[in-house]
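Residue-level listing of the chains:
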Amino acid sequence: MTVPTPAPTPPLAGGRHGADALRPLLDTALTALATGAKERGGPLPAGGPDATAARVAAALGDVLPTHGTGDDEALRTLVHTLTAGAADPADPLCAAHLHCPPLAVAAVADLAASVLNPSLDSWDQAPAASAIEAHLTRTLAAELYATPRADALLTTGGTEANQLALLLARERHGPHLTVLHGANAHHSVPRAAWLLGLPPARALPTPNGTLDPATLAEALTHTPGPVLVTATAGTTDAGLIDPLTPLADLCDRHGADLHIDAAYGGTLALSPRHRHLLDGLTRARSLTLDLHKLGWQPVAAGLLAVRDTADLAPLAHQADYLNATDDTDAGLPDLLGRSLRTTRRPDAFKIAVTLRSLGRDGLAHLIDLTCAAAHRLADLLDAHPGFELHARPTLTTVLFRPTPTDDDRLATLRRTLLQDGTAVLGRATADGRLWLKATLLNPHTTARDLDTLVALLEGRTHR
């Protein structure tokens, strides 16, 4: 009887020989990224969901074959398929969501982190990564707060950061905490109140898109007990910023805590030209920030910053195999209190590489470029008789609609663009009407790209 020869053990990404194993595979993957993008030819695949699903199914075949095809073929086929079927945020006409094109340097840094695969739940799994995270979080917290004990935690994004902010407020004030937020707030705020067993969060009307201090004052006057107010610096629909200083003044007057969800707009603090839009930001007891929005990081790259590290004490947790008391007493860092997650990636690393690469002025330049692109698009639409501009952009979001049209035709137009693979635009409701939404996060977007977008829409709406 012939015994089959066992297949060779596949190489690892790390170790002394990991780099040698990676080089040919990286070449295969990079080539497939290029061929896939060429096949797609635009911001997303043409044909809609059914056509995309069919192409994926044909390429995948048997997801778990009896005999493998080998590293090169698997990478070549599936990276090409993923890329050909992607909504690519690096394409200037892919501008629907707060979904940024990551910088090349950040993506390569993320690859290095994946190779080494540190997990930030114990020091002995992530010696250097945990030290990098500590330096990064202290640095970013100091950018947001002038207090001596400011601190920050890495999160998977704004949703987790908002949940942590409500959790910490609940631990300060108890389970009868009332959460007040504008109707413009991110959906994660009321959802977090539900998840944490708090009373249902109360949405205050924001007919003009931002939370009016008079509306909050009325609510605070008639709300007994402990209150957490959540304001927004960069709304999802229109990129608007609540009047932070007056809202902070009201919270101080009524003894309410203030959390500001600055997931979208928070990085404006790094731009001398735009940081005035965030006046009052540092008055918050806690802040949400997302660097996979206006920070050009691969997902995930969120933060929760607090004015005083003592506010993070409720997150302390002990598991003997990760942070035994004698190990901690002997000087090993205790990482479990830095997240509600146990296993977690070293997302701080790609951020640290980016900050070192670009510096303060480089990041400010990218922020200023994207804000300028939004104003350029607004100018084009405002001057065009075939379009109605909702308002001048505050951040990088532009709401507009063809004129004349109605909501049904507008929704159909957006879906047609998606079906054809020609443009990815979002949708938002404001003033009781539906609007197209362009969220510009690509610092490489040119005036010609914006002209192309307007011409494309003009052709679709005025045939």
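For the structure itself, look to the data block above.
The shown structure was predicted, so the numbers you read here are calculated from the model rather than taken from an experiment.

Details of the side chain of E160
Step number 1: With respect to the helices, strands and loops of the structure, E160 is situated in helix α6 (residues 158-173).
Step number 2: Residue classification places E160 among the buried positions, given a relative accessible area of 11%.
Step number 3: Within polar-contact distance, the side chain of E160 engages the side chain of R341 at 3.3 Å.
Step number 4: With near-sequence residues (within four places) excluded, E160 lies in contact with T155, S339 and R341.

Considering the sheet that holds strand β4 (residues 202-204)
Step number 1: If you walk across this open sheet you meet the seven strands as β2-β8-β7-β6-β5-β3-β4, and the pairing is mixed. The sheet terminates laterally at β2 (151-155) and β4, the two strands that pair on one side only. In this sheet, adjacent strand axes meet at a mean angle of 20 degrees when their direction is disregarded.
Step number 2: Where strand β3 (residues 178-182) and β4 come together, three bridges link them in parallel fashion. Across the sheet, H181 pairs through a bridge with A203, a residue of β4.

What to know about the environment of G14
Step number 1: Looking at where G14 falls in the secondary structure, it is placed in the segment before α1 (18-40).
Step number 2: Along the primary structure G14 and S114 are separated by 100 residues, whereas in three dimensions their C-alpha atoms are 9.3 Å apart.

Looking at helix α13 (residues 407-420)
Step number 1: Counted at 1.5 Å a residue, the expected span for α13 with its 14 residues is 20 Å, and the 20 Å between its end C-alpha atoms agrees.
Step number 2: Those residues of α13 that fall on the buried side of the exposure criterion are L410, A411, L413, R414 and L417. An end-on view of α13 places all buried positions within 155 degrees of arc, on one side of the element.
Step number 3: Put simply, D406 is the residue that caps the front of α13, since its side-chain oxygen is 3.2 Å from the backbone nitrogen of D408.
Step number 4: G421 sits one or two residues past α13 and shows a positive phi near 75 degrees.

Criteria and thresholds
Residues numbered from 1 in each chain as written. Predicted model: local features only at pLDDT ≥ 70, side-chain atom pairs only at ≥ 80, totals over all residues. Heavy atoms only, no water. Helix = DSSP H or I, 4+ residues; strand = E, 2+ residues; numbered from the N terminus. Buried < 20%, exposed > 50% of the residue type's maximum accessible area, 1.4 Å probe, protein only. Polar contact = N/O pair within 3.5 Å; in protein donor to acceptor, adjacent residues only side chain to side chain. Contact = heavy atoms within 4.5 Å. Pairing = 2+ DSSP bridges. Axes fitted to C-alpha atoms, helices over the stretch in contact; angles between N-to-C directions. Expected span 1.5 Å × (residues − 1). Arc of directions from axis to C-beta.

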